[in-house]
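Commentary on secondary and tertiary structure
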Amino acid sequence: MADWSEIEALKRTPLTELFAADPNRLAKYSADIAGIHFDWSKTHLTDDGIKAFERLAKACDLAGRREALFAGKVINTTEDRAVTHTAERGEGTKTDVATAQGFHARMRGLIDAIEAGAFGPIRNILHVGIGGSALGPDLLCDALGRDENRYEVAIISNVDGVALEDVFKRFDPTATLLAVASKTFTTTETMMNAESVIEWMQAGGVEDPYGRVVALTAEPDKAIAWGVDETRVLPFADTVGGRYSLWSSIGFPAAIALGWDAFSDLLEGAAEMDRHFRLTALHENVPALAAFSDLLYTQAFGCETRGVFCYDERLRLLPSYLQQLEMESNGKGVTLEGKPVGRPTAAITWGGVGTDAQHAVFQLLHQGTHLVPLEFIGMIEPGDTLAEDHHKALLNNMFAQGAALMKGKPNPDDPARAYPGDRPSTTLLLDDLDARTLGALIAYHEHRVFVNGVLLGINSFDQFGVELGKEMAKAAQKGEGDFDVSTTDLIKRAFG
C-alpha cells in the first residue's frame, strides 16, 4: 500500500500568496500541447507538492504501468485483458496497431460503399448504443458536425421510447441506415432499441431492414446471428473498453458524418497527446499534472466533486462524457489486490456550459461551503460568425470567473456580499475546436484518469458496479426476483 502521508500533510497556501511568492508561477504551471494551452497556476499545486507526487508515482511504479499500457500487457487484471485503445490511434504494439488499422480500413471501405450508393439513397444515420457506445460518438458529432450536411445523424441510448419516436418523426425509414453499437451485442437497452428500429423500417416499407444495418461490436458472430451480414459488421478488439472506444468502429457515425479526413485528424490529435504522456517527465506532463491536482484536492483537502465548465456550446456534451470516463473508471472501492482502498477515489464529476452555468450553480462555487476545483475550457477561435462581441463576452466571462474565484472580495460590513476567494480552477484554452484538437483533449482526460488510478492502486478499466442493477432489472422485467417491500410495491403500482 502506497504511503500517502506526505500528500496528506500538504498545506493549503492561499493562491494569491503563491503568486506573490513566485514571479515565475504562471510559466511553471502552464504548458502548450497539441493546440491546447493548459494553465494550472490557479490551483494549489506547489513545487514541493509536485515533488511529493513524483515520489508517490515512483513508489507506485507509474512509469512501469504506463509502459505496460502501451506495450499491450494485461493491466486490466480483474478481466484478464490488455488495454489497447491507444493502438487505435497508432500508439501501441505493432500487432495491436496493425489490428486496429485493419479494422479502420474495413470501416473506411464500408463508408466508401455507403457513399457510393450500395445501400440506396441514405440520408439518415440512426445509431443505437448506450454508455461508451453512445457518449463518445454523440460528443464528436455534436461538437464537430454542426456545419456538416453529409448526413443527418441521431444517436439514441435511452430505452425510453420517447427518444426513438422523436427520431421516427424526423427520419424517412427508406433513407435510414441503422448502426447498432454494442461491444457484446447483448446490451439489453441497445438490442431492444434496435428491434424497434427494425419494426419501424418494416412498417415504413423497407423490404429488407437487416440489409440496412451496420454492426459495431467486439463479438461479430453474435451480430451475424442476430441478422447482420458479415460484410456489414465492423469489429473492434475486446481489449478496447467501452468508454475508450470512440477511436474504434464505435466512432462510425462520426467517421461517416464528418468525413474520413476528420476522423483521421481526431486519431492523430490523440496520438500526439499519447506521445507527450509517454515521453515527458512528470513535472512537465500535462495528464500527470492534472492528476496530481485532482489527488491534491481529494486526498489532502477533502474535496468530493470536480466541476467542468465549457465556454463553448459545441462542447455541451463533454461534462457528460467525462462523467462516465472518470466515475466509471475510478469509482472503485478496492485495490488491484482486492483490498479496501481506504481513501477517496474518483471525485464526483459534474458541470455545464458557460455562461448559462454562471446563472445557475456559480452561487455555490463562489459563496457556498463546498470547495470545488473547477476546469474551464474555451476556444480562441469562435465557433460562430456573429459580431465578435459575442465571443469576446463569452471568453471574458470565463476568465473573470477564474479570477474572481481566486481573488474573492471581503465585505466586513455585509457578510452576505462577501466572497471568500482562494477557490481553485484550471483553464484549458484551445486554439480552435477541430478534430485534431478535440482528439488531444479527450486523450488528455483519458491519461489523467489512468494516472489517478495508478496512484490510487485501483483498476481503471473494469466496471462491475453497473452489473447488479442490470441483473435486477432483467429479473423484474421477467416478473422474477426477490425484492424488498418498497421495490415490490413500486413494481405493483406501475404494472398492476
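Reference entry: report on the structure contained in this document. (Residues numbered from 1 in each chain as written. Predicted model: local features only at pLDDT ≥ 70, side-chain atom pairs only at ≥ 80, totals over all residues. Heavy atoms only, no water.)

What follows is about the layout of surface pockets. Empty space within the largest pocket amounts to approximately 1200 Å³. Taken together, 43 residues make up the lining of the largest pocket; nearest its centre are Ile 130, Thr 184, Thr 187, Val 466 and Lys 470. The residue inventory of the lining of the largest pocket, partitioned by class, reads 13 nonpolar, 17 polar and 13 charged. With four residues, the top contributor of residues to the lining of the second largest pocket is helix α17 (residues 435-456). Among the residues forming the lining of the second largest pocket, the class breakdown is 10 nonpolar, three polar and four charged. (1 Å grid on protein atoms, 1.4 Å probe; cavity = no way out; pocket = protein on both sides within 12 Å on 5 of 7 lines; lining within 4 Å. Points joined across faces, edges and corners; volume = space filled by probe spheres on them. Nonpolar A, V, L, I, M, F, W, Y, C, P; charged D, E, K, R; others polar. Helix = DSSP H or I, 4+ residues; strand = E, 2+ residues; numbered from the N terminus.)

Let us now look at the sheet that holds strand β13 (residues 425-430). Read across the open sheet, the six strands follow the order β1-β2-β13-β12-β10-β11; overall the sheet is mixed. The outermost strands of the open sheet, each flanked by one partner alone, are β1 (30-33) and β11 (348-353). Ignoring which end each strand starts from, the neighbouring axes of this sheet average 15° apart. (Pairing = 2+ DSSP bridges. Axes fitted to C-alpha atoms, helices over the stretch in contact; angles between N-to-C directions.)

Consecutive residues of a regular strand have side chains that alternate between opposite faces of the sheet. Counting buried residues along strand β8 (residues 213-217), five of its five residues qualify, which places the element largely inside the surrounding structure. What you see with β8 is no split at all: Val 213, Ala 215 and Thr 217 on one side and Val 214 and Leu 216 on the other are buried throughout. With four bridges joining them, strand β7 (residues 176-181) and β8 adopt parallel strand pairing. Residue pairing in the sheet places Ala 179 in a bridge with Val 214 of β8. Of the crossover connections in this fold, the one passing from β7 over helix α9 (residues 188-203) to the parallel β8 is right-handed. Note: β8 against strand β9 (residues 233-235), three bridges, orientation parallel. Looking at the pairing, Ala 215 lines up with Val 233 of β9. (Buried < 20%, exposed > 50% of the residue type's maximum accessible area, 1.4 Å probe, protein only. Right-handed = clockwise from strand over helix to strand, strands pointing away.)

Note that the residue after Gly 354, namely Thr 355, is joined by a cis bond; omega there is 10°. Backbone geometry places Phe 185, a non-glycine residue, at a positive phi of 55°. With respect to the element layout, Phe 185 can be found in the loop between β7 and α9.

Each full turn of the α-helix corresponds to 3.6 residues, which orients residues three or four apart in the same direction. Across its 13 residues, helix α4 (residues 47-59) extends 19 Å between first and last C-alpha, which sits within 8% of the 18 Å expected from 1.5 Å per residue. Turning to α4, its buried residues number three or more, namely Gly 49, Ile 50, Ala 52, Phe 53, Leu 56 and Ala 57. Down the axis of α4, the buried side of the element spans an arc of 155°, and every buried residue falls inside it. Across α4 from its buried face, at more than 90 degrees, point the exposed residues Asp 48, Lys 58 and Ala 59. Its buried side turned inward, α4 meets α1 (5-8), α5 (62-70), α13 (286-300) and α17. (Expected span 1.5 Å × (residues − 1). Arc of directions from axis to C-beta. Contact = heavy atoms within 4.5 Å.)

Before going further, it helps to spend a moment on the pairing of strand β10 (residues 305-311). The buried fraction of β10 is high, at six of seven residues. Summarising the sheet, β10 and β11 pair through six bridges and their orientation is parallel. Within β11, the position partnered with Gly 307 by the bridge is Trp 350. Each parallel crossover has a hand, and for β10 linked through helix α14 (residues 318-330) to β11 it is right-handed. Inspection of the sheet shows β10 paired to strand β12 (residues 374-379) by five bridges, in the parallel sense. Residue pairing across strands places Cys 310 opposite Ile 377, the latter belonging to β12.

For the rest of this paragraph, the subject is the packing of aromatic side chains. Evaluated as defined, the whole model comprises 16 aromatic pairs. Seen from their ring centres, Phe 38 and Trp 40 are 5.6 Å apart, and the 5° between their planes marks the pair as stacked. The ring of Phe 19 carries Arg 25 above its face, with NZ or CZ at 5.7 Å from the centroid. Above the ring of Trp 247, the side-chain terminus of Arg 89 is found at 4.5 Å from the ring centroid. (Phe/Tyr/Trp six-rings, centres within 6.5 Å; stacked < 30°, edge-to-face > 60°. Lys NZ or Arg CZ within 6 Å of the ring centre and 35° of its normal.)

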